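Residue-level structural notes
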Amino acid sequence: MASLLQDRLTTDQDLLLMQEGMLMRKVRSKSWKKLRYFRLQNDGMMVWHARQAKGSAKPSFSISDVDTIRNGHDSELLRSLAEELPLEQGFTVVFHGRGSNLDLVANSVEEAQIWMRGLQLLVDLVTSMDHQERLDQWLSDWFQRGDKNQDGKMTFQEVQRLLHLMNVEMDQEYAFSLFQEADTSQSGTLEGEEFVQFYKALTKRAEVQELFESFSADGQKLTLLEFLDFLREEQKERGCTSDLALELIDRYEPSDSGKLRHVLSMDGFLSYLCSKDGDIFNPACLPIYQDMTQPLNHYFICSSHNTYLVGDQLCGQSSVEGYIRALKRGCRCLEVDVWDGPNGEPVVYHGHTLTSRILFKDVVATVAQYAFQTSDYPVILSLETHCSWEQQQTMAQHLTEILGEQLLSTTLDGLLPNQLPSPEELRRKILVKGKKLTFEEDLEYEEEEPDPELEGEQESELALESQFEPEPQEQNLQSKDKKKKPKLILCPALSSLVIYLKSVSFRSFTHSKEHYRFYEISSFSETKAKRLIKEAGNEFVQHNAWQLSRVYPSGLRTDSSNYNPQELWNAGCQMVAMNMQTAGLEMDICDGHFRQNGGCGYVLKPDFLRDVQSSFDPERPISPFKAQTLLIQVISGQQLPKVDKTREGSIVDPLVRVQIFGVRLDTARQETNYVDNNGFNPYWGQTLCFRVLVPELAMLRFVVMDYDWKSRNDFIGQYTLPCICMQQGYRHIHLLSKDGISLRPASIFVYICIREGLEEDES
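Rules used throughout
- Residues numbered from 1 in each chain as written.
- Predicted model: local features only at pLDDT ≥ 70, side-chain atom pairs only at ≥ 80, totals over all residues.
- Heavy atoms only, no water.
- UniProt positions renumbered as here; feature names shortened; annotations may be inferred.
- Core = buried A, V, L, I, M, F, W, Y, C linked by side-chain atoms within 4.5 Å.
- Buried < 20%, exposed > 50% of the residue type's maximum accessible area, 1.4 Å probe, protein only.
- Domains from an automatic or database assignment.
- Contact = heavy atoms within 4.5 Å.
- Helix = DSSP H or I, 4+ residues; strand = E, 2+ residues; numbered from the N terminus.
- Expected span 1.5 Å × (residues − 1).
- Bend = angle between axes of the 7 residues up to and from the residue.
- pLDDT = per-residue confidence, 0-100.
- Axes fitted to C-alpha atoms, helices over the stretch in contact; angles between N-to-C directions.
- Parallel < 35°, antiparallel > 145°, perpendicular 65-115°, else oblique.
- Left-handed = near helix turned anticlockwise from the far one by under 90°.
- Nonpolar A, V, L, I, M, F, W, Y, C, P; charged D, E, K, R; others polar.
- Pairing = 2+ DSSP bridges.
- Phe/Tyr/Trp six-rings, centres within 6.5 Å; stacked < 30°, edge-to-face > 60°.
- Lys NZ or Arg CZ within 6 Å of the ring centre and 35° of its normal.
- Salt bridge = Lys/Arg side-chain N within 4 Å of Asp/Glu carboxyl O.

The name given to the protein in an unreviewed UniProt entry is Phosphoinositide phospholipase C, and the organism recorded there is Sapajus apella. Under the Cofactor (unreviewed entry) heading, UniProt states for the protein: "Ca(2+)".

This brings us to the nonpolar core. Ranked by internal contacts, the top residues of the largest apolar core, which has 70 residues, are Leu334, Val336, Val348, Phe360, Leu381, Leu399 and Phe540. When we break this core down by domain, the ones giving at least three residues each are domain 4 (296–438 + 488–609) and domain 5 (628–756). Here Leu381 is in contact with Leu334, Val336, Val367, Leu399, Leu403, Ile430, Leu431, Val432 and Lys433, once residues within four sequence places are set aside.

All right, on to the domain arrangement of the protein then. Domain assignment breaks the protein into domain 1 (4–129), domain 2 (132–203), domain 3 (206–278), domain 4 (296–438 + 488–609) and domain 5 (628–756). Centre-to-centre separation of domain 1 and domain 5, based on C-alpha positions: 36 Å.

Attention shifts here to helix α21 (residues 526–546). Here α21 contains 21 residues, and its C-alpha end-to-end distance of 20 Å is more than 12% below the 30 Å for a straight helix at 1.5 Å per residue. Along its length, α21 reaches its greatest deviation from straightness, about 115°, at Ala536.

Okay, the confidence of the model for the protein next. Confidence in the prediction for the protein averages 88 pLDDT; 91% of positions are at 70 or higher. Per-residue pLDDT stays below 50 along residues 440–456; that stretch engages in 45 contacts with residues further than four places along the chain or on separate chains. Across residues 458–483, confidence stays below pLDDT 50; counting only partners more than four residues off in sequence or on other chains, it has 26 contacts.

Looking now at the environment of Thr510. For Thr510, the location among the structural elements is in helix α20 (residues 509–515). Take Thr510: its relative accessible area is 44%, and that puts it in the partly exposed class. Residues Thr510 and Leu122 lie 388 residues apart in sequence; the distance between their C-alpha atoms is 59 Å.

Here we take up the packing of helix α5 (residues 131–146) against helix α6 (residues 156–165). In a pair of packed helices, the angle between the axes and the distance between the axes together describe the arrangement. Direction vectors running N to C along α5 and α6 enclose 125°, while the axes themselves pass 9 Å from each other. Considering their axes alone, α5 and α6 lie oblique with respect to each other. Considering only the axes of α5 and α6, their crossing is right-handed. On α6, the residues that touch Trp142, Arg145 and Gly146 of α5 are Glu158, Arg161, Leu162 and Leu165. Its residues assigned to classes, the contact of α5 with α6 shows three nonpolar, one polar and three charged.

On to the pairing of strand β21 (residues 628–638), then. In terms of burial, β21 is a largely internal element, ten of the eleven residues being buried. Relative to strand β24 (residues 683–692), β21 runs antiparallel, the two being bridged by eight bridges. Bridge pairing links Ile632 to Leu688 in β24. When β21 meets strand β28 (residues 742–756), the two strands line up antiparallel, connected through ten bridges. Among the inter-strand pairings, Gln628 is bridged to a residue of β28, identified as Glu756.

Moving on, we come to the UniProt feature "domain: EF-hand" (unreviewed entry) in the protein. In this numbering, the UniProt entry assigns the feature "domain: EF-hand" (unreviewed entry) to residues 134–169 and 170–205. Helix makes up 61% of residues 170–205 and strand 0%. Its end C-alpha atoms lie 16 Å apart.

Summed over all chains, the structure comprises 27 aromatic pairs. The rings of Phe212, Phe215, Phe227, Phe230, Tyr252, Phe269, Tyr272, Tyr730, Phe749 and Tyr751 are connected pair by pair, giving a single aromatic cluster. The ring of Trp32 carries the charged tip of Arg28 above its face, separated from the ring centre by 4.2 Å. Sitting above the plane of the Phe749 ring, Arg205 keeps its charged end 5.2 Å from the centroid.

With that settled, consider the pattern of salt bridges. For the structure on display, the rule yields 25 salt bridges. Linking Glu207 and Arg205 is a salt bridge whose minimum nitrogen-to-oxygen distance equals 2.7 Å. Arg205 matches Glu207 in its accessibility class, with the two residues each being buried. A salt bridge links Glu526 to Arg557, with the nearest nitrogen and oxygen atoms 2.6 Å apart. On the criterion of sequence distance, the pair formed by Glu526 in helix α21 and Arg557 in the loop between β18 (548–552) and α22 (566–569) is long-range, its members being 31 residues apart. Classification of Glu526 as buried rests on a relative accessible area of 5%. Through salt bridges with shared partners, a single network forms among Asp376, Glu424, Arg427 and Arg428.

A few words now on unusual backbone geometry. What is expected of a backbone is that most residues other than glycine have negative phi and most peptide bonds are trans. Cis geometry is adopted by the peptide bond preceding Pro745, which originates at Arg744 and carries an omega value of 10°. For Pro745, the position within the fold is in strand β28. Phi is positive for Lys236, close to 55°, though the residue is something other than glycine. With phi around 60°, His262 is a residue other than glycine that occupies positive phi space. Mapped onto the elements, His262 comes out in the loop between α12 (256–261) and β9 (264–265).

What follows is the structure, encoded as structure tokens:
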């Protein structure tokens, strides 16, 4: 594929023109629009820019960081400048993660099309690369960075500089001996294949070689039977057949002769260990593998809080980009906070704050466009409506006209249901969650107390969510204040669009059981939900077995920080709404949890969280509850990135922290010692032992840190996954950045062993 990339760079007309460079207008805001000269580098992997054609250039972006390319009409910013800049000449480069988009306007429609086609071609080529092709490309990138004078050769001085760039601290004599061995032409420099051989010598995996030789009779190859023994004994693939072993040999053995003889060389063995089959995440859990025909309340549902915000809760920007990003990462429940806007058009923003405003109809159009690009399963629009009767009618009109057939506007069979439909039954449907006047025609209109969520989450959190219950006298005052507040009159046209998800206020579990129906849903602030878990964990579990619950972050989180969703999942809460614009541990847990089941945004709850008679209490789980002992040997690391890329001489001192998040008794963390000055191939060889009472709810997180004795350790990379999706045996963990973007080829090599029941800690 890397060779295919090189071939396209010399034959594709668009890419050839991009390598020559073009002048385009870079647009950051309505007031910042500047001309810049953009050029694709000759390796096809980087785009640089300069103020003018022959000016000093600097990197703009890497192709591997690009998610997709959009035309100008799909750019929120460029649309706002349509009178000034022609949309047909504009396009947007969208990056993975949470980075800002890059909006560009070319000098002509033709030039814009050249860049859009060319960039999309490069993104497609990079996306389809396999492990070896990515490694080849990675090596090519490093060679270009190390070859300071760009003459296609590397002197030993350039190699020494490159080693520092690659996070390697190495004895100069040893480095020179490797350099001389690789310099087969004896030219005093390394070229092309010589550099590849130098890299192979540098990255020789002694721990993998030792493992390979322990199963190989001659130390040169693994026969079919030897490889089968390895898969069954070490990888715990009990049902592995010789046909599967043969399939893996065909897939990963690089030599044709090895494939013909049904043997695996050391290179093939390493290729297998670095592949998806050798990954810690079980490939069987990657596609949709769960039963999707159960009622909605039986699933954890990937949910977003104040989806329209891409910044903080007080002054942050509201943007349809928030909805696009949430939907593309598999989010299935979106929040829409709607207020009266000018010219009769409802607007979306965080009320009573300085956050910017966007049109409700633009949000609906965005949802219509992106709802089912990542997942076919239903999207829930959680409406928080603060609009007048007239603008509620406008909302209903926009929902009906823009969403069309996508909008669920009646029960599936036209009859009153007796349970919630399943994700499978609701495929490619958009549901509205909100206040409803009635459900059955013969029900009289019922006056309900204002629902804290629908009266505005920010209003329900006045007094900054005091942890203490108010005194009786204060409660009376509060109720008087409530009566004074004008009550919102619900428009029947909007009410009629709420089918299965009628929002109701929560009073108590007993009240819900006696007065509410399965199609009604309550919202809880994180403070209230956590208190209920501590005080009545089992009742909360039983409540969530028949009714949906939504939990939202505390009003104190004005910086858009997050809570740990695990504590709420432990009680079976289905919609744990997250500030998805904020990276960190909490979003790592959320992303890791929903990585399974095709990333479709729905994960089936364990059976003990779906049973209305369940005796499970997350605060006091029955012990042992399918308990396990988890042994993790952290063996080695590979090509860890620098923490501070601006300091050429700095080398990381890595350590690995392993964390378990689950029920309170399972939550634990341990870490290895740190390795001095080696981010390239550090070796730890340390075994960590964990006891897990409820593995069905446990999340496992690996974090690589740069040890710093003077201050907090710096983050290098992480990977988080559900324990039930973990493969045993010798596995590679491919690290992700803070933003959840792949850091390949950075990885750690581990050995995982799960033993049923609890064991005494041998340490």
